[in-house]
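Read off the chains here:
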Amino acid sequence: MGESKDIAERLAGLALFADLTPTQVEAIAHRFEEEVFAEGQRILRTGLTGAGLFVIVEGQAVIRIDGTERARFGPGEVFGEIGVLTGEPPNADVEAATILRCLEIPHAEVQPFLIEFPHVMYRMLQAEARRLRITTEWKT
Amino acid sequence: MEDLAAKPYPPGRYDVVVVGSGPGGLQSSHALTGLGVRHAVISADDAPGGMFRRFPIFERLISWTKPDAPVGRDTREYEWYDHNSLVGERGLPALAPEFMDRTFDVPSRAEMEASLVAFADRADVKVRYGCRWEATRREEDGFTLETSDGEYRCRFVIFAVGVTQPWVPTIRGAEHAAHYVETRPPGAYQDKRVVIIGKRNSGFEVGNGLLPWASQLVLVSPRPVQIGLLPHSPLRLRYLQPYEEYVRGGAGTFVVDAAISAIERVNGSRRVIAEGTTRPGRLEFDADEVILATGFQAPLQDLRDLGVATVLNDRIPAQSPFFESLTVPGLFFAGNTSAGARGMRKHGVSPNSTSVNGFRYNARVLVEHVAERLGIERERPRLERNEVVPLILHELSSAPELWIQKNFLSRVVTVSGKGIFDEGIVPLEHFLDTGGEDAVAAAIEMDERATIHPTVYVRRGNRIAEHELPPHPVHAYDGHLYAQEVEARLEALL
């Protein structure tokens, strides 16, 4: 399973946190909790409130709308951000496609976290722009 | 020579083997007996009590028991007032309050231990003491546990082995520090400069205990104390005197946010070198004693080699909503090890599975599930239509399982052509994710503003609708307005 004992080490390897100092990454690893999901286990549920933002540390997640697969995300990618940023419940289900390890940032902590670490926010925006471009290309 | 044959549960074949005689093991065995599941209980200890035979070091628990309440100690409602007793079935009342001297509304370690010994005795939970689990093998139809007394074969194992093995993060020079479990009586720290690494429960517990003795006290870890969350956290305010002294500018006590770079030995004393997190910058603390209050892990022995995935920095096995290993079916976890079932973490809230109040219910849910897998059907009382709303309201008002395991356990009623059935207490995540007959689940939830409110989930044609009900200042959810609201939500279902 390639399970490293130190989550800070694994976070440091993700592009999302590449601009941070080791101390900052360690602080993040202590502040938020790691969650593990079995293949097929659901993480975000369409229409239900209270979900947070997830950073994939290891494994793959599949995004489904009405049961149809729409996208897959892997290590370093983020999901749940749209629901958190808009304050609306998710409009898709997200399930683990493999055993999946994520760092979970609860809804209420996302804003202070992103403001404290603007480099992470910038990298998230870049990823968001890439996703938007793919969606736009797909629609036209 | 000890007569091994005179001990209960000799090695052999059982449907279930429970490992451990702390509260998780005792509750599991009591529930298994109630459902008629053939099982054995083995324990390396020589008496019941588990971690409470040793911890907490400063001798006071953090969860409350109200010896007197408006309801009797033998009622289900009383469990809400008493977060430390195991749940007795078949008329056994709550035992923790019997042993409390009422100095506080939380028991001492010794009082808690005594109540667990009494539970094993009065509930007649038999345990093969002095029988150490040594190795685990996977078989075609289950598992073999190798123990100091011989081999046990079983379909399912319930490990209730506690989370009591010291856990130390990778820190250079950690060998120059002692772990929390090695903390000596407070007098041993008189006139010493003490650095405590860790600002969670055990860090503050030790810090508070050493305040009258140490000449200087520093609590340090990367994560800041989240003041806004403290009233909602299991970290009890009465441990926070070191923090209060620091924020009010008291001398000699410091609570610092910093990542530890190294612990060094310098001229017979220690130096802790750290890098500030909330405020950047290098910090150095000279100390006579360094205590690692960095937490614990479950003693999993060879289970990782068997494929058991872990969570929370490799400390606890990752589990399904029924407390089964996510990666090795058939292995279950009870007691505070059940904290590896994380639930939905709705609004970021974790279940209360690290303490008796929560895991006593986890054990019952686990055991009902295991019994079903063994072909023992659980009881599903049939309900009349007009009984459904009162049942839901009663549960929202006073069900201890819902109030203690918020955002995690729910009361479920199914509705189908066969009738209306009370499905009892079900993990909320399981209800929401598995689909099935039309149904309603009632849960108590805490949101991100720490407001507690009841929530009703209605499942129709495998679609879930969530209905959050408004909070009530004294949690009275059995009144007319709530009845109207729930009735309206369930109208189409019923």
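Residues numbered from 1 in each chain as written. Chains lettered and ligands numbered in written order. Predicted model: local features only at pLDDT ≥ 70, side-chain atom pairs only at ≥ 80, totals over all residues.

A.B. asks: Explain the overall build of chain A to me, please; I cannot follow it from the model alone.
C.D. replies: Counting its regular elements, chain A contains 5 helices and 8 strands. Reading the secondary structure of chain A in the N-to-C direction produces α-α-β-β-β-β-β-β-α-β-β-α-α. When its C-alpha atoms are laid out on the principal axes, chain A stretches across 40 × 30 × 30 Å. Burial statistics for chain A: of 140 residues in total, 38% are counted as buried. (Helix = DSSP H or I, 4+ residues; strand = E, 2+ residues; numbered from the N terminus. Buried ≥ 20, exposed ≤ 12 C-beta atoms within 10 Å, placed from the backbone.)

A.B. asks: Mind showing me how you'd approach the domain arrangement of chain B here?
C.D. replies: How big an interface is tends to be expressed through the accessible area that disappears when the partners come together. Residue and element names in this part refer to chain B. Looking at the assigned domains, one finds that chain B contains domain 1 (4-164 + 298-373), domain 2 (174-294) and domain 3 (382-490). Between domain 1 and domain 3, the C-alpha centre-to-centre distance is 27 Å. Counting residues at the interface gives 19 residues for domain 1 and 19 residues for domain 3. (Domains from an automatic or database assignment. Contact = placed C-beta atoms within 7 Å.)

A.B. asks: Help me understand the packing of helix α1 (residues 23-34) of chain B against helix α5 (residues 356-373) of chain B in this model?
C.D. replies: Between two packed helices, both the angle of their axes relative to each other and the distance between the axes serve to describe the pair. Residues and elements named next belong to chain B. Relative orientation of the contacting elements α1 and α5 amounts to 35 degrees, with a least axis distance of 9 Å. Regarding α1 and α5, the two cross each other, and that crossing is right-handed. In contact with Pro23, Gly24, Gln27, Ser28, Ala31 and Leu32 of α1, α5 contributes Val356, Phe359, Arg360, Ala363, Arg364, Leu366 and Val367. Tallied by class, the residues present in the contact of α1 with α5 amount to 8 nonpolar, 3 polar and 2 charged. (Axes fitted to C-alpha atoms, helices over the stretch in contact; angles between N-to-C directions. Left-handed = near helix turned anticlockwise from the far one by under 90°. Nonpolar A, V, L, I, M, F, W, Y, C, P; charged D, E, K, R; others polar.)

A.B. asks: Could you clarify how one ought to interpret the sheet that holds strand β13 (residues 289-292) of chain B in this entry?
C.D. replies: Where strands meet in a sheet, backbone hydrogen bonds hold them as pairs that are either parallel or antiparallel. Residue and element names in this part refer to chain B. Read across the open sheet, the 7 strands follow the order β7-β13-β8-β9-β10-β11-β12; overall the sheet is mixed. Of all strands in the sheet, those bounded by a partner on one side alone are β7 (178-179) and β12 (282-287). By the bridge criterion, 4 bridges tie strand β8 (residues 193-197) to β13 in an arrangement that is parallel. Paired with Ile196 across the strands is Ile291, a residue of β13. (Pairing = 2+ DSSP bridges.)

A.B. asks: How should the interface of chain B and chain A be read in this particular structure?
C.D. replies: At the junction of the two partners, chain B supplies 27 residues and chain A supplies 27 residues. When residues of the side of chain B that touches chain A are traced back to their parent elements, those giving at least two are α8 (428-434) and β23 (463-468) of chain B.

A.B. asks: Where do I start with the confidence of the model for chain B in this structure?
C.D. replies: Interpretation of this model should avoid reading the predicted coordinates in detail wherever pLDDT is low. Taken over all residues, the pLDDT of chain B has a mean of 93, while the share at 70 or more is 97%. At the level of chain-chain contacts, confidence expressed as ipTM amounts to 0.91, with global pTM at 0.94. (pLDDT = per-residue confidence, 0-100.)

A.B. asks: Which parts of the structure should I look at to understand the packing of helix α6 (residues 385-398) of chain B against helix α9 (residues 480-490) of chain B?
C.D. replies: Residues and elements named next belong to chain B. The contact between α6 and α9 brings their axes to 10 Å, and the two run at 125 degrees. Between α6 and α9, the interaxial angle falls into the category oblique. The interaxial crossing formed by α6 with α9 has right-handed handedness. Contacts between α6 and α9 involve Val388, Val389, Ile392 and Leu393 from the first element and Tyr482, Ala483, Val486, Glu487 and Leu490 from the second. (Parallel < 35°, antiparallel > 145°, perpendicular 65-115°, else oblique.)

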